[in-house]
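# Survey of secondary and tertiary structure
So the chains spell out like this:
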Amino acid sequence: MRKKILFLVLLLILCIFAGILLGSVPLSPASVLRCLTGLERNSTAYILVTTVRLPRAAGACLAGMGLAAAGVILQTVMNNSLASPNTIGVNSGAGFAVMLALMLGGSYTSAVPAAAFAGALATTLVIFLLAYLADSSRTTIILAGITVSSFLGAGINTIKLLDTDIAVNLTTFMIGSLSGITFDQLKFPAAALITALLLCLFLTRPLNVLSLGDDIARSLGLNVIPVRLALLVLSSVLSGCVVSYAGLLSFVGLIVPHICRRLFGNDARYLLPCSALLGASFVLLCDILGRVLFAPFELPAGVLMSFIGGPFFLYLLFKKKGGRRVNA
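Computed from a prediction, not measured in an experiment: that's the story for all the values here. (Residues numbered from 1 in each chain as written. Predicted model: local features only at pLDDT ≥ 70, side-chain atom pairs only at ≥ 80, totals over all residues. Heavy atoms only, no water.)

### Points about the pattern of salt bridges
As enumerated under the stated definition, the model contains five salt bridges in all. Among the ionic pairs, Arg56 bridges to Asp287, the shortest N-O distance being 2.8 Å. Pair noted here: Arg56 is in helix α3 (residues 44–77) and Asp287 is in helix α13 (residues 268–292), with a separation of 231 residues, a long-range link. For Arg56, a relative accessible area of 7% translates into the label buried. (Salt bridge = Lys/Arg side-chain N within 4 Å of Asp/Glu carboxyl O. Helix = DSSP H or I, 4+ residues; strand = E, 2+ residues; numbered from the N terminus. Buried < 20%, exposed > 50% of the residue type's maximum accessible area, 1.4 Å probe, protein only.)

### Some thoughts on the packing of helix α2 (residues 29–36) against α3
Their axes nearest at 9 Å, the elements α2 and α3 cross at an angle of 80°. Classified by the angle their axes make, α2 and α3 are roughly perpendicular. For the pair α2 and α3, contact is made by Ser31, Cys35 and Leu36 and by Ala45, Tyr46, Val49 and Leu54, respectively. In the contact of α2 with α3, the residues fall into six nonpolar, one polar and no charged. (Axes fitted to C-alpha atoms, helices over the stretch in contact; angles between N-to-C directions. Parallel < 35°, antiparallel > 145°, perpendicular 65-115°, else oblique. Contact = heavy atoms within 4.5 Å. Nonpolar A, V, L, I, M, F, W, Y, C, P; charged D, E, K, R; others polar.)

### Observations concerning helix α14 (residues 301–318)
Within an α-helix, residues lying three or four positions from one another point in the same direction, as the helix has 3.6 residues per turn. With 18 residues, α14 extends 26 Å between its outermost C-alpha atoms, agreeing within 8% with the 26 Å of an ideal straight helix rising 1.5 Å per residue. Gly309 marks the point of greatest bend in α14, at about 25°, and the proline Pro311 comes within the next four residues. Inspection of α14 places Ala301, Gly302, Val303, Leu304, Met305, Gly309, Phe313 and Leu316 among the buried residues, and these make up the whole buried set. (Expected span 1.5 Å × (residues − 1). Bend = angle between axes of the 7 residues up to and from the residue.)

### Quick word on unusual backbone geometry
For Phe251, which is not a glycine, the phi torsion comes out positive at approximately 70°. A residue is classified by how much of its surface remains accessible, and Phe251, at 13% relative accessible area, is buried.

### A look at the environment of Ile156
Within the fold, Ile156 resides in helix α6 (residues 138–162). Through-space distance from the C-alpha of Ile156 to that of Ser92 is 8.5 Å; in sequence the pair is 64 residues apart.

### Thoughts on a nonpolar patch on the surface
On the surface, Ile194, Leu198, Leu199, Leu201 and Phe202 cluster together into a nonpolar patch covering about 510 Å² of accessible area. Along the polypeptide, Leu199 turns up in helix α8 (residues 183–202). Of the residues examined, Leu199 reaches a relative accessible area of 43% and is grouped as partly exposed. (Patch = residues over 30% accessible without salt bridge, like charges linked within 9 Å, V, L, I, M, F, W, Y side chains within 5 Å. Areas by Shrake-Rupley, 256 points an atom, 1.4 Å probe, with all protein chains shown as cover.)

So this is what it looks like as structure tokens:
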């Protein structure tokens, strides 16, 4: 287990360095190291590294960690292996709230993070309520998510048509992109996301108990409703923070938790942090490939994630499993 975790850490470090190194303007490893250590403060490479590549790599890491951890929480809380911020519409809820806040005159730096969290939380609670009012099956939850997501997507497009001056590139926002991220944009989302991740790590034991089902969890002394609500709030913070600066990145919260379950099992004490590490590497790799494959043109990271995530989602959808629980 330690070797696997060490491998994830080394993979993430390698991906961060590659994210700074590679792009439409290639840099040498020696030049990057001199820039990171402050030995080339007056060079063009230093400006490129510190103002473009480094913030972008940091944003990709945070996005991957947040979405992967949110995916683990949603799959456990909803007892559904297909649940993720993308598939049940959480990202769309955050995106709609962001567009609505901007239309109503909110400033990008102050209104967007709060609106993204509120939209993500409201959507999560709506889907969870629909799941309980219906038969709570895997198909019902996913269909409810698709329906809500489609409705919110229509709302986003309507707002953009009504207010063409909104300071967001709608196409890039809907796809999800890490281009143009600055450290100023990351200040509030990074603080909230890291705080939420740390709180999630403290709740891994209740998360394990909750994965056994409500009846067993209650028999073990877990206060189910407050714990579930706290976890849903944390997953909304994680998703909303990512949407606030990276747009509607998809499928990270679906793909990564499944891979980590195969590698590390269902114990949330390992699953949650390992999913965060692998999620960061996954988003970084997609962003790097988007910059390199079609250079000097750039393919948004969200496009590559959709190419990978679509077939993966169909594989999970048609794979026959006994039971509803993700650890069954």
